[in-house]
Amino acid sequence: MNSTAYNYQNDISIRTEGLTKRFGNFTAVDNITFHVKKGEIFGFLGANGAGKTTAIKMLCGLSKPTSGIAIVAGYDVATQSEQIKKNIGYMSQKFALYDDLKVWENMRLYAGIYGMEEKKIAYRINEILIQLGFENEKNKFVKALPIGWKQKLAFSISIIHQPEIVFLDEPTGGVDPAARRQFWELIYATAEKGITVFVTTHYMDEAEYCNRICILVDGKIVALNSPKKLKETFAAQNIDEVFQLLARNANRT
Amino acid sequence: MIQVENIEKKYAKVNTLKDISLHVNKGEIFGIIGPDGSGKTTLFRILSTVLLADKGKACINGWDIVKDYRIIRNHIGYMPGRFSLYQDLSVEENLEFFASIFKTSIESNYYLIKDLYQQLEPFKKRRAGALSGGMKQKLALCCALIHKPDVLFLDEPTTGVDPVSRKELWDMLKRLKSEGITILVSTSYMDEAARCDHIALMLKGKFLIVDTPSNIVTQYNEKLWAVSSNTMAKLLIDLRSYPLIKSCYAFGDVHHITTMQTSSKNDIELQHDLHEYLEKLKHQDLFISNIKASIEDCFMVLAGSSSNTLHSTKNYE
């Protein structure tokens, strides 16, 4: 099936309609419909067990929806998962870096996995080293780096192939407050270059940095708007209050 | 209840713990707050008698952690950061197993874990490995409590746990405290500091400060402001170019900045000056207010020039 059949628009990175995933009689993701604009920072929040991971797995082409549609980077998750994998980046809290490889070797490895051209690889490695100020760390083993640096490296590697969208699954867990903020500035810079950022976090202050956030409770979307609008709607001081209000009544944790 | 004097530990020439001392009174919640890699887990392993320190002394309820390790193990509950229950045993079987090695039964101390266990009950036949992250944490805490320990060591119980469950867990710790249980807990979430009686802020194997949360906040002596406008990303950059700026960080829906203390300008004049400066740079809906520090602000000042912050953020502008 051709993806254009879904009237794919250029300024939309992710579009879902009634996306659903069932395991037996358990509905992990329940009929969710949303879109994410190109270059948007989209926060995907929910309690443990709300269905975030299942939804992300579907959007990354790793799990097939039971019903509904999801178009990611112009491809249908149900039928074109290979094309999706080439056009997205993914980073989780467990940075998938090889401790026993050097900084540049990690970059080289992932660039190869993404099937980038040799010439492009050398160029991108250099570009990232300069952007991160890592020129002197190029030949260091990853295990020797402080966690905040590993985190920035893992993020940069996840976008080494310049994907249309990057998925960040709790990227900032456990890092110190200053490093956590520097990391968000890196996210801002990435979004400004037009890469869509789809991010999950348990830090509610970070939710405030997103253009829009979506709150998932028991597999369903219960709120989707800009942080400012959500605070107005729920007469809350901050997003933590909004979250506590909505997620408190969840049946699944 | 817990007394630690000058503990040191080196791994491969690296000082994992440097001169760590702390005192925890009976029935107190003592929080160790710091990012990953600051040495929290090493300290927990030493105090729970599974690792030997290179230097220093520590006692739990008067028992020495080296000589009296056997007695200590009967009186403490230890919940490690990494999930370490038996993945192939069911929820129920794990709990029965932990009760039996401490020669007790689930029934005898059920009142302690009732609130937690009721949430687990629907899944009691499920393998522990198949539980969600939040459920695993709840089960692990039940297992650490089943022998009614005097002291509870909780290594990052809220890591990866959502804000609602985190709040529930802290409510649970408060109840355990009221049962007289002494709790040493570590976390990387700065906002949990307020739930502790005393805290230590930890970075790179050292305690930066040990005190009550309110005393730490009182000792903060920077001039701190919250600033917001209609364009927050640009505001961050513009604030960093303000002549009197000392530090500037995003902080939820506002930016927190510290400014130089100058004799030429008082607070009101400075606020006025900053307002004018930002207005010239076309910021609208400006909000500038002198604020009190949070624990996170304190941590950032105390951490100062840690290696994680060596690279200036200029690279991303």
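Below, the structure is looked at part by part.

Reading the values: rules and limits
- Residues numbered from 1 in each chain as written.
- Chains lettered and ligands numbered in written order.
- Predicted model: local features only at pLDDT ≥ 70, side-chain atom pairs only at ≥ 80, totals over all residues.
- Heavy atoms only, no water.
- Helix = DSSP H or I, 4+ residues; strand = E, 2+ residues; numbered from the N terminus.
- Contact = heavy atoms within 4.5 Å.
- Areas by Shrake-Rupley, 256 points an atom, 1.4 Å probe, with all protein chains shown as cover.
- Lys, Arg positive; Asp, Glu negative; His and termini not counted.
- Charge placed at Lys NZ, Arg CZ, Asp CG, Glu CD.
- Disulfide = S-S within 2.5 Å.
- Buried area = accessible area lost by both parts, 1.4 Å probe.
- Salt bridge = Lys/Arg side-chain N within 4 Å of Asp/Glu carboxyl O.
- Polar contact = N/O pair within 3.5 Å; in protein donor to acceptor, adjacent residues only side chain to side chain.
- Phe/Tyr/Trp six-rings, centres within 6.5 Å; stacked < 30°, edge-to-face > 60°.
- Buried < 20%, exposed > 50% of the residue type's maximum accessible area, 1.4 Å probe, protein only.
- Lys NZ or Arg CZ within 6 Å of the ring centre and 35° of its normal.

Considerations on the overall build of chain B
Thought 1: Of regular secondary structure, chain B possesses 10 helices and 14 strands.
Thought 2: With the C-alpha coordinates aligned to their principal axes, the bounding extent of chain B is approximately 70 × 45 × 35 Å.
Thought 3: Taking all contacts inside chain B whose residues are at least 6 apart in sequence as the whole, residues at least 24 apart take part in 69%.
Thought 4: Summing over all exposed atoms, chain B offers an accessible surface of approximately 14700 Å²; the carbon and sulfur share of this is 51%.
Thought 5: Averaging the positions of the 39 positive and the 38 negative side-chain charges in chain B gives two centres separated by 5 Å.

What to know about the state of the cysteines
Chemically, a disulfide is nothing more than a covalent bond linking the sulfur atoms of two cysteines.
Thought 1: Going through the model one piece at a time under the given rule, you end up with 0 disulfides over all chains.
Thought 2: With no disulfide of its own, A:Cys214 lies closest to A:Cys210 among cysteine sulfurs, the gap being 11 Å.

Regarding the interface of chain B and chain A
Thought 1: In this complex, chain B contributes 35 residues to the contact, which on the side of chain A involves 42 residues.
Thought 2: Of the roughly 3400 Å² buried at the junction of chain B and chain A (both faces included), carbon and sulfur atoms supply 55%.
Thought 3: In this assembly, chain B and chain A are joined by 4 salt bridges.
Thought 4: A salt bridge links B:Asp253 to A:Lys231; the shortest N-O distance between them is 3.0 Å.
Thought 5: On the surface where chain B and chain A come into contact, there are 12 residue pairs in polar contact (both at pLDDT 80 or more).

Section: the packing of aromatic side chains
Thought 1: Applying the stated criterion across every chain, the model contains 15 aromatic pairs over all chains.
Thought 2: Note on A:Phe155 and A:Phe183: the rings are 5.4 Å apart at their centroids and 75 degrees apart in plane angle, and the pair reads as edge-to-face. In this pair, A:Phe155 is assigned in helix α5 (residues 147-158) and A:Phe183 in helix α6 (residues 177-192), connecting sequence segments 28 residues apart.
Thought 3: For A:Phe183, a relative accessible area of 0% translates into the label buried.
Thought 4: Among the aromatic side chains, those forming a connected cluster through ring pairs are A:Phe34, A:Phe42, A:Phe44, A:Phe167 and A:Phe198.
Thought 5: When the ring centre of A:Tyr203 is taken as origin, the NZ or CZ atom of A:Arg180, which lies over that ring, is 3.9 Å away.
Thought 6: Note that B:Lys136 overlies the ring of B:Phe83, its terminal NZ or CZ placed 5.3 Å from the centroid.

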